[in-house]
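# Overview (structure and organization)
Single-letter residue listing:
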Amino acid sequence: MKTKIPHLILTSLFALASGTAQAVDYTWDPTGGDGRITDGTGNWNTSASNWTTDAGATNVVAPSSAFGSDLFFGGGTDGTAGTITLMDTGKEYGSLSFNSP
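What you see is a predicted model; the values in this text were computed from it and never measured.

## Points about unusual backbone geometry
For residues other than glycine, phi is negative in most cases, and the peptide bonds are mostly trans. In the Ramachandran plot, alanine 55 falls in the positive-phi region, its phi being about 60° despite a non-glycine side chain. Its location among the elements puts alanine 55 in the loop between β4 (51-52) and β5 (65-73). For alanine 55, a relative accessible area of 53% puts it in the exposed group.

## Details of the nonpolar core
Tyr26, Trp28, Trp44, Trp51, Ala62, Leu71, Phe73 and Tyr93 together form the largest nonpolar core, which totals 8 residues. For this core, the secondary-structure elements that each account for two or more residues are β1 (26-28) and β5. Setting aside anything within four residues of it in sequence, one finds tyrosine 26 in contact with Trp51, Thr52, Thr53, Val60, Val61, Ala62, Pro63, Ser69, Asp70, Leu71 and Phe72.

## Topic: the packing of aromatic side chains
The way to describe two aromatic rings as a pair is by their centre distance and the angle between their planes. A full pass over the atoms with the stated rule returns 6 aromatic pairs. For the pair tryptophan 28 and tryptophan 51, a centre-to-centre distance of 5.2 Å together with 80° between the ring planes defines the contact as edge-to-face. Taken as a pair, tryptophan 28 in strand β1 and tryptophan 51 in strand β4 lie far apart in primary sequence, 23 residues in all. Each member of the pair, tryptophan 28 as well as tryptophan 51, carries the same accessibility label: buried. Look at tryptophan 44 and tryptophan 51: their rings are 5.5 Å apart centre to centre, the planes differ by 70°, and that puts the pair in the edge-to-face class. Across the pair, exposure class does not vary: tryptophan 44 and tryptophan 51 are buried alike. Among the aromatic residues, ring-to-ring pairing joins Trp28, Trp44, Trp51, Phe73 and Phe98 into one connected group.

## Remarks on the confidence of the model for the protein chain
Per-chain confidence: the protein chain averages 76 in pLDDT, with 73% of residues scoring 70 or above. When the elements of the protein chain are averaged for pLDDT, helix α1 (residues 7-18) gives the smallest value, 43, and β4 the largest, 92. Across residues 7-20 the pLDDT falls below 50, and counting only partners more than four positions away or on other chains, this stretch makes 1 contact in the model.

## Some thoughts on the pattern of salt bridges
Here the idea is simple: oppositely charged side chains can pair when their charged atoms come close. If you walk through the whole model with that rule in mind, you get 1 salt bridge. Across the salt bridge formed by arginine 36 and aspartate 34, the nearest N and O atoms sit 3.8 Å from each other.

Cut-offs applied
Residues numbered from 1 in each chain as written. Predicted model: local features only at pLDDT ≥ 70, side-chain atom pairs only at ≥ 80, totals over all residues. Heavy atoms only, no water. Helix = DSSP H or I, 4+ residues; strand = E, 2+ residues; numbered from the N terminus. Buried < 20%, exposed > 50% of the residue type's maximum accessible area, 1.4 Å probe, protein only. Core = buried A, V, L, I, M, F, W, Y, C linked by side-chain atoms within 4.5 Å. Contact = heavy atoms within 4.5 Å. Phe/Tyr/Trp six-rings, centres within 6.5 Å; stacked < 30°, edge-to-face > 60°. pLDDT = per-residue confidence, 0-100. Salt bridge = Lys/Arg side-chain N within 4 Å of Asp/Glu carboxyl O.

Structure (C-alpha cells):
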C-alpha cells in the first residue's frame, strides 16, 4: 500500500529546503556614522564595527565566517589609503578585493 503525502506538505517542504542565505558584501569603513565609505587605517577583528553593508549609512562587525560574502577595501568616497591590521585569523570569506582609494 502506497502512502501519499498531501500536496500542501510537499510544497511546504520544498519551500523550506529551497531557502538559502544570501551573501552580503562588506566594505571596509573604519569611520562609522558619517554616511559615506571612508578608507583608512584600522584593526580588522571580530569586535570592531569597521565594515558597512549599506554605503556607509551604518557600520557593522564582519561575521567571523561568511563563506559567500565578499570583502572590499578601498574605493570609498572619502579618506586615503591606510594600514589595516589583521587581529584575528582563521576567517573564511568568499573573496577579498582591493580597489584604489
